[in-house]
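Report on the structure
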Amino acid sequence: MILDQRTPIAFLGMGLMGTRMAARLLQAGYAVAVWNRSPLACEALIQQGATALTLEQIGKYPVILTCLADDQAVQSVFNQLQPHLKAQQIIVDFSSLSVEATHQLATTAQQQHVTWIDSPVSGGTTGAEQGTLVIFAGGDAETIQQLEPIYSVLSQRVTRMGESGTGQATKICNQLIVAANSTLIAEAVALAEQAGVDTRLLAPALAGGFADSKPFQILAPRMATHVFEPVQWKVQTLSKDLNNALQLAQSFNLKIPVAQKALAQLQAHQQNGFAEKDLATIIKLIE
């Protein structure tokens, strides 16, 4: 199958990421049909030229893109799609899922001669808006190659990590580093504050050194000033991803104690009413 701007695309899931990614495809001249559990989220995109989609029509779309909340959401939507899928369709899943759920979905899709490609993304809402996401792809190499015209609108780089599920495993490792790092950054900011440091100077002072990182440059200033809006990473999202990391490690009898401790802190913070809040608010738990 040759994919280009004439290929009709179905995009399911108009959350923070999905809306921005669908908008980029529309701007690039693709014909995009959009669906969301609450249809109101599709309104802005329909005004930009997208078509409203019902799941019964899914057979008309050679490429189906999904960007949904979690394992449960993807499984639920896939169950609704299943009776209407046609052989040779490609499902590209941008959601962050467990490896186990991805394996199951890919196998079920394969039985209907549908190719499932896991393509979780990193780069947040800014990356989605600017088309600078990085994509970790798992699944059939030839299909991933074919998807290049679509990927290139959304991302700066796509890396095929291996067979089905390896894209998700890579994203899980990415999130493990970000989540564990963020709790450590909060501890450092809190400690510096107690020691009389002007914590607003931490990010510029440590820039370019061994302790520097993108999360540090984004989180440390927010933690220092207690400015947590707009929300960039939700606590519950990182918590879910870190939980997936622990489950994956457990399936290989691999001990990852640092991640375990970070998850305990994120979960405690979540239970204190911070589930929907920005990751930088973890400083409040430490303080």
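Residues numbered from 1 in each chain as written. Predicted model: local features only at pLDDT ≥ 70, side-chain atom pairs only at ≥ 80, totals over all residues. Heavy atoms only, no water.

An unreviewed UniProt entry lists the protein chain under the name NAD(P)-dependent oxidoreductase, with Acinetobacter suaedae as the source organism.

What follows deals with helix H4 (residues 99–111). Helix length check: H4, at 13 residues, gives a terminal C-alpha distance of 19 Å against a target of 18 Å (1.5 Å per residue), a fit within 8%. Listing the buried residues of H4 in full gives Val-99, Ala-101, Thr-102, Leu-105, Ala-106 and Ala-109. The arc that holds the buried residues of H4, viewed along the axis, is 155 degrees, so those residues lie on one side. Seen from the buried face of H4, the exposed residues on the opposite side, beyond 90 degrees, are Glu-100 and Gln-111. Where H4 is buried, its residues meet helix H3 (71–81), strand E6 (115–118), helix H8 (166–194) and helix H11 (235–251). Positive backbone phi, at 60 degrees, marks His-113, one or two positions downstream of H4. (Helix = DSSP H or I, 4+ residues; strand = E, 2+ residues; numbered from the N terminus. Expected span 1.5 Å × (residues − 1). Buried < 20%, exposed > 50% of the residue type's maximum accessible area, 1.4 Å probe, protein only. Arc of directions from axis to C-beta. Contact = heavy atoms within 4.5 Å.)

Formed by 34 residues in total, the largest nonpolar core has its most connected members in Phe-11, Met-21, Leu-25, Phe-94 and Ile-150. Broken down by secondary-structure element, the contributors of at least two residues to this core are strand E1 (9–12), helix H1 (16–27), strand E2 (32–35), strand E4 (63–66), strand E5 (90–93), strand E8 (133–138) and helix H7 (148–154). Counting residues per element, this core draws most heavily on H1, which supplies six residues. Look past the residues within four positions of Met-21 in its chain and what remains in contact with it is Phe-11, Cys-67, Phe-94, Val-121, Ala-128, Leu-133 and Leu-154. Of all hydrophobic cores here, the second largest spans 29 residues; its members include Ala-180, Val-189, Ile-256 and Leu-279. (Core = buried A, V, L, I, M, F, W, Y, C linked by side-chain atoms within 4.5 Å.)

Applying the stated criterion across every chain yields a total of two aromatic pairs. Ring centres 5.8 Å apart and planes at 85 degrees place the aromatic pair Phe-78 and Trp-116 in the edge-to-face group. Of this pair, Phe-78 sits in helix H3 while Trp-116 sits in strand E6, and the two are 38 residues apart along the sequence. You'll find Phe-78 and Trp-116 in the same group, each marked buried. (Phe/Tyr/Trp six-rings, centres within 6.5 Å; stacked < 30°, edge-to-face > 60°.)

With that out of the way, let us pick up the packing of H8 against helix H12 (residues 257–274). In contact at an axis separation of 9 Å, H8 and H12 are set at 65 degrees when each is read in the N-to-C sense. As the angle between them shows, H8 and H12 are arranged roughly perpendicular. Between H8 and H12 the crossing geometry is left-handed. Every residue of H12 that contacts H8 at Leu-176, Ala-179, Ala-180, Thr-183 and Glu-187 is listed here: Val-258, Ala-259, Ala-262, Gln-265 and Leu-266. Counted by class, the contact of H8 with H12 contains seven nonpolar, two polar and one charged residues. (Axes fitted to C-alpha atoms, helices over the stretch in contact; angles between N-to-C directions. Parallel < 35°, antiparallel > 145°, perpendicular 65-115°, else oblique. Left-handed = near helix turned anticlockwise from the far one by under 90°. Nonpolar A, V, L, I, M, F, W, Y, C, P; charged D, E, K, R; others polar.)

According to UniProt, the positions carrying the feature "domain: 3-hydroxyisobutyrate dehydrogenase-like NAD-binding" (unreviewed entry) are residues 165–286. For residues 165–286, the helix share is 70%, the strand share is 0%, and the end-to-end C-alpha distance is 35 Å. (UniProt positions renumbered as here; feature names shortened; annotations may be inferred.)

Another point: H11. For H11, built from 17 residues, the straight-helix expectation of 24 Å at 1.5 Å per residue is met to within 8% by its first-to-last C-alpha distance of 25 Å. Regarding H11, the residues found buried are Val-235, Leu-238, Ser-239, Asp-241, Leu-242, Asn-244, Ala-245, Leu-246, Leu-248 and Ala-249.

In this fold, Thr-51 is placed in strand E3 (residues 51–52). Taking C-alpha positions, Thr-51 is 36 Å from Cys-173, a pair spaced 122 residues apart along the chain. Non-local contacts of Thr-51, meaning those with residues more than four positions away in its chain, are made with Val-32, Ala-33, Val-34 and Ile-46.

Looking now at the packing of H8 against H11. One can describe the packing of H8 onto H11 by two numbers: an axis separation of 9 Å at closest approach and a directional angle of 120 degrees. Taken as a pair, H8 and H11 cross one another with a handedness that is left-handed. Facing H8, whose interface residues are Ala-169, Ile-172, Gln-175, Leu-176, Val-178 and Ala-179, H11 presents Leu-238, Asp-241, Leu-242, Asn-244, Ala-245 and Leu-248. Looking at the contact of H8 with H11 residue by residue, the class counts come to nine nonpolar, two polar and one charged.

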